[in-house]
Amino acid sequence: MSSDRRYSGGSLPPSDNPPNSRLFIIAPKALKEEDFRKAFSEFGHLEEVRAVTDRATGENKGVYYIKFSKTSEAARAMESMGGKVLLGTGRAMKIMVASSRDQGSKREENEEEKLQRLFVVVSKNMSDSELYDSFKDFGGIDYAHIIRDRVTKESKGFAYVKFLKFSDAANAFENCDKKFRPVFAEPRKSTKETTSSKPPLMSSPPSYRGEGSYGRASEGGRGRAGDRYERRRSLSPPDRCRDEGYTTLSVIANASVNQDQMWKLFDVVPTMEYCTMRYEGERGSPRPTRAIGEVVYSDPRWAAHAKQKLHGFEYPPGNRLIVRAEQREGGAYGKRPALSVEGGGADLRQIADTIAHASSLIQAAGLSPDLLQKKLGFTTDTKHDEPYCSVELPPSQPMASADADTEARCFIVCQESALSNRVLKDVFCRFGNLIDVYLLSNRNCGYACYASKFSADDAIQTLNGADVMGIRLKVIEAEERPGKRARLDDRSN
DNA sequence: CGACGGGACGC
DNA sequence: CGACGGGACGC
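Treat the numbers as computed from the prediction; the structure is a model and nothing was measured. (Residues numbered from 1 in each chain as written. Chains lettered and ligands numbered in written order. Predicted model: local features only at pLDDT ≥ 70, side-chain atom pairs only at ≥ 80, totals over all residues. Heavy atoms only, no water.)

Caption draft 1: Looking closely at the overall build of chain A. Counting its secondary structure elements, chain A contains twelve helices and 17 strands. Buried residues in chain A amount to 44% of all 493 residues. In chain A, the proportion of contacts linking residues at least 24 apart, taken out of those at least 6 apart, comes to 70%. Carbon and sulfur atoms make up 48% of the accessible area of chain A, which amounts to about 27,800 Å² in all. (Helix = DSSP H or I, 4+ residues; strand = E, 2+ residues; numbered from the N terminus. Buried < 20%, exposed > 50% of the residue type's maximum accessible area, 1.4 Å probe, protein only. Contact = heavy atoms within 4.5 Å. Areas by Shrake-Rupley, 256 points an atom, 1.4 Å probe, with all protein chains shown as cover.)

If you want it as structure tokens, here you go:
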């Protein structure tokens, strides 16, 4: 292929597509390209075999590249041929995955890990063990873990799966369910930081750095970082609220939330006694970055209920509240009566519906604080005006396992404005076997994935045309995903 | 009306 | 024993 050296025109330079499919080999100079073809073609299809020669003398430099069609082929070739002696030349080959052409001979420190670890996208409700089960058949797994928010424990929607062998990782890379969108993970950045400036990460929200201090602020209770912006708008809670029998929740919210809004939101749950708020910001920054609330309930069961319902609630939309039981010595929270708040009594259901209703109004109101306040005020006074849903919904049902196969999908349209994920999940889970439900970003339409066609049909039957919190739903059978590949054995589609 | 998300680890 | 090959066209 020496005439092909220039790779000009339409053909891409021969490189690492698929990733890690090209090998870099150090071997005796006596070996010819043909020797490598013979020795390596048993592992797969060779797209390129090349000996590097000295440009001036034409002499073989003992450096070879071979490119396989598939990563797994390269992996198996490397694992079985590395260290072997070819043709009695007397010296073992050294085989590595070739770096991309621009990297040259630079080597990274965690080179091994780069070949064993996959970075995958997971649906938000998948657990570590479901993830593990989805990958265990491809080979020995070192670990499989989903990355979660340190504070809320919510899945961030991606995960790392590390195998013990490159060839197993390659096997998973090629054969795992496409929904995981696997890529070979970049090795973790080492602790020593390069002095060069790092490029801004588009994907990181500016608030990301703040997360660390969230945890510290609420755990340590020192409140130091926020001194400058601490403007309490009310007196301290009455002493009786500190007594046993009262339960305090800690709330972390977006800085745009004011105390009245938070009060009204938490007051939707009965027995709220008190709500106080302050603001915290970074030193030297002109504006607060978050609001810190303390909400006190006289009945610990309702406090638990408020925590359960409002933790993770998007308020304002796109900003999840973090609600935790305040850690306090001998706190009343831990001593609450054993009565479950999950019992689903009529009053509890009513509250859940009211909160959901508030959610829609908050969403409809956008980010304007005044409007929010008005709408929320309206909400708390008119609980009975509007039902959660215009049609009768079956009771909640557990989600299907997140790694279940999708049997049927519904296409969802929210006619006026988007419903929150929380509400969608609550509504669409009621037909059973729900795997995942989501709206496309910045759109009012999306998909519900079910593990059973029957459930999906049921959802369509019940929900199409229904009103949920004042938003009209269109729910129809989803069209087949364009790029999706059917299983080998059914080609009917 | 509407049609295919999300992406980097804090020991 | 150890990295290919050649040259960047934007506001």
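Anyway, onward from the coordinates.
Caption draft 2: Inspection of the packing of helix α2 (residues 71-81) against helix α5 (residues 166-175) at higher detail. Between α2 and α5, the least distance of the axes is 8 Å, while the angle of their chain directions is 170 degrees. Here α2 lies roughly antiparallel to α5, going by the angle between them. Two secondary-structure elements touch here, α2 through T71, S72, A74, A75, R76, M78 and E79 and α5 through F166, S167, A170, F173 and E174. (Axes fitted to C-alpha atoms, helices over the stretch in contact; angles between N-to-C directions. Parallel < 35°, antiparallel > 145°, perpendicular 65-115°, else oblique.)

Caption draft 3: Molecular detail of the sheet that holds strand β10 (residues 272-280). Pairing is antiparallel in the open sheet, where four strands are placed in the order β10-β11-β9-β12. Bordering the open sheet on either side are β10 and β12 (322-325), each of which pairs with just one other strand. Pairwise comparison of adjacent strand axes, ignoring direction, gives a mean angle of 20 degrees for this sheet. (Pairing = 2+ DSSP bridges.)

Caption draft 4: Main features of the pattern of salt bridges. In the structure shown here, the tally under the stated rule is 13 salt bridges. Residue E47 is joined to K67 by a salt bridge in which the shortest nitrogen-to-oxygen separation is 3.1 Å. Of the two residues, E47 sits in strand β2 (residues 46-53) while K67 sits in strand β3 (residues 60-68), which places them 20 residues apart along the sequence. One salt-bridge network, in which partners are shared between bridges, spans E113, R117, D142 and K162. (Salt bridge = Lys/Arg side-chain N within 4 Å of Asp/Glu carboxyl O.)

Caption draft 5: Looking closely at the protein's contact with DNA strand B. With respect to spatial proximity, 34 residues lie near DNA strand B, and among them F119, E186, R188, V413 and Q415 are the closest. Considering the 4 Å shell around the protein, atoms of DNA strand B inside it are sugar or phosphate in 30% of instances. In this structure, R409 approaches DNA strand B through a side-chain N or O atom, which is 2.7 Å from a base nitrogen. Within the contact set of DNA strand B, a base nitrogen lies 3.1 Å away from a backbone nitrogen or oxygen of E480. Counting only elements with at least two residues in the surface near DNA strand B, the list comes to β5 (117-121), β7 (155-163), β13 (408-414), β14 (434-439) and β17 (471-477). (Near = heavy atom within 4 Å. Polar contact = N/O pair within 3.5 Å; in protein donor to acceptor, adjacent residues only side chain to side chain.)

Caption draft 6: How the structure looks around the protein's contact with DNA strand C. For DNA strand C, the set of nearby residues contains 19 residues, the closest of which are R50, Y65, R91, K94 and M96. Backbone atoms, meaning sugar and phosphate, make up 34% of the atoms of DNA strand C lying within 4 Å of the protein. With respect to DNA strand C, the side chain of R22 contributes an N or O atom lying 3.1 Å from a base nitrogen. Note that a base nitrogen of DNA strand C is positioned 2.9 Å from one of the side-chain N or O atoms of Y65. Breaking the surface near DNA strand C down by element, the ones donating at least two residues are β1 (22-26), β2, β3 and β4 (94-97). Of all the elements, β1 adds the most residues to the surface near DNA strand C, at three residues. Among the residues making up the surface near DNA strand C, the classes are represented as seven nonpolar, four polar and eight charged. (Nonpolar A, V, L, I, M, F, W, Y, C, P; charged D, E, K, R; others polar.)

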